[in-house]
Amino acid sequence: MSDDRLIVAIDLPNALAGMELSQRLGDSVGFYKIGLGMLTGGGLALANELKDEHDKRIFLDMKLFDIGATVEAAVRGLAQFGHDFLTVHGDPHVVRAAKEGASGSNMKILGVTVLTSLDRADLDDGCIKAGDIHDITLERAAKALEAGADGVISSPQEAAMIRALPEAAGRLIVTPGVRPSGAALGDQKRVATPASAIGDGADHIVVGRPIWQSPNPRDAAQAILNELP
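For the structure given in this document, a descriptive report is provided here. Because the structure is a prediction, the values reported are computed rather than measured.

Section: the overall build of the protein chain
- When its secondary structure is counted, the protein chain shows 11 helices and eight strands.
- A buried classification covers 49% of the 229 residues belonging to the protein chain.
- Across the protein chain, contacts joining residues at least 24 apart in sequence account for 64% of those joining residues at least 6 apart.
- Element-wise, carbon and sulfur atoms account for 53% of the exposed surface of the protein chain, whose accessible area totals about 10000 Å².
- For the protein chain, the centre of its 22 positive side-chain charges and the centre of its 31 negative side-chain charges are spaced 2 Å apart.

Pasting the structure below:
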């Protein structure tokens, strides 16, 4: 039985490549993330096939952001497929609309705090208020959870602080930006190892390139699982 604490990000050009990866991983992985980069390459169809025909859990990483009515309608449409997780931006009005759209389904709404590819200079470029990036992430997490999010997305470096929030009791923390020991960082700036992310309170870690770029993805996934406490 797979350890669903590991979510493998299928950041590949199309659904055919994604299905090939899942076949190479076999029963070692039971949870997949499919994001915007795959959407025009058949990503939603791949998500549905992995769930319905291969009994995999699915995390739709759409990072929705729009006016409330539009977010609610989009989430209601996605909720019909029965997938596990969906990301939206952690702004309270977006979270509330997404929760309304997901009502009646089991799909969990996860609020994005601050992308793990960003640092303080990036926040300055985006006119985000001054302050320590960890503090801003913590504040956004609290606001998303107060608005009803089932969990949040954060860098593993903030997982322990978020887990300590009163609002985080019983909620999910999912951490991208996880790199096994010795792996290249790629475009991630706020990273940690799988063991430290789980140890700091993350429920799930998301790993992409260190697995699908490996000559043997199954062995790479198993090595990450072996690192988990």
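Quick notes on the packing of aromatic side chains
- Counting across every chain of the model gives two aromatic pairs.
- Measuring from centroid to centroid gives 5.2 Å for phenylalanine 31 and phenylalanine 85, while their planes differ by 45 degrees, and the two rings are tilted. Note that phenylalanine 31 is positioned in strand β2 (residues 31-35) and phenylalanine 85 in strand β4 (residues 85-89), a separation of 54 residues in sequence. Note on accessibility: phenylalanine 31 and phenylalanine 85 belong to one class, buried.

With respect to the nonpolar core
- Of all hydrophobic cores here, the largest spans 56 residues; its most connected members are Leu6, Val75, Leu86, Ile205 and Ile211.
- Sort the elements by how many residues they give to this core and helix α5 (residues 92-102) lands first, with five residues.

A few points about the environment of glycine 201
- Along the polypeptide, glycine 201 turns up in the loop between α9 (194-199) and β8 (204-207).
- In this structure the C-alpha to C-alpha distance between glycine 201 and alanine 160, which are 41 residues apart in sequence, comes to 5.5 Å.
- Every residue in contact with glycine 201, bar those within four places of it in the chain, is listed here: Arg163 and Ile173.

A word on the pairing of strand β1 (residues 6-9)
- Neither face of β1 is left uncovered, since the one carrying Leu6 and Val8 and the one carrying Ile7 and Ala9 both have all their residues buried.
- In this structure, β1 lies alongside β8, joined through three bridges in parallel fashion. The residue of β8 that forms the bridge with valine 8 is valine 207.
- In this structure, β1 lies alongside β2, joined through two bridges in parallel fashion. When the bridges of β2 are listed, valine 8 appears paired with tyrosine 32.

Regarding the packing of helix α1 (residues 15-25) against helix α11 (residues 217-227)
- α11 packs onto α1 with a crossing angle of 65 degrees between their chain directions and a minimal axis gap of 8 Å. In terms of crossing hand, the pair formed by α1 and α11 is right-handed. Where α1 abuts α11, its residues Leu21, Arg24 and Leu25 lie against Pro217, Arg218 and Ala221.
- Grouping the constituent residues of the contact of α1 with α11 by class yields four nonpolar, no polar and two charged.

Examining the side chain of threonine 175
- In this fold, threonine 175 is placed in strand β7 (residues 172-175).
- When its relative accessible area of 0% is taken as the criterion, threonine 175 is described as buried.
- In this structure, threonine 175 is in contact with Ser154, Ser155, Pro156, Ala159, Ala197, Ala202, His204, Ile205 and Val206, ignoring residues within four places of it in sequence.

Procedures and definitions
- Residues numbered from 1 in each chain as written.
- Predicted model: local features only at pLDDT ≥ 70, side-chain atom pairs only at ≥ 80, totals over all residues.
- Heavy atoms only, no water.
- Helix = DSSP H or I, 4+ residues; strand = E, 2+ residues; numbered from the N terminus.
- Buried < 20%, exposed > 50% of the residue type's maximum accessible area, 1.4 Å probe, protein only.
- Contact = heavy atoms within 4.5 Å.
- Areas by Shrake-Rupley, 256 points an atom, 1.4 Å probe, with all protein chains shown as cover.
- Lys, Arg positive; Asp, Glu negative; His and termini not counted.
- Charge placed at Lys NZ, Arg CZ, Asp CG, Glu CD.
- Phe/Tyr/Trp six-rings, centres within 6.5 Å; stacked < 30°, edge-to-face > 60°.
- Core = buried A, V, L, I, M, F, W, Y, C linked by side-chain atoms within 4.5 Å.
- Pairing = 2+ DSSP bridges.
- Axes fitted to C-alpha atoms, helices over the stretch in contact; angles between N-to-C directions.
- Left-handed = near helix turned anticlockwise from the far one by under 90°.
- Nonpolar A, V, L, I, M, F, W, Y, C, P; charged D, E, K, R; others polar.

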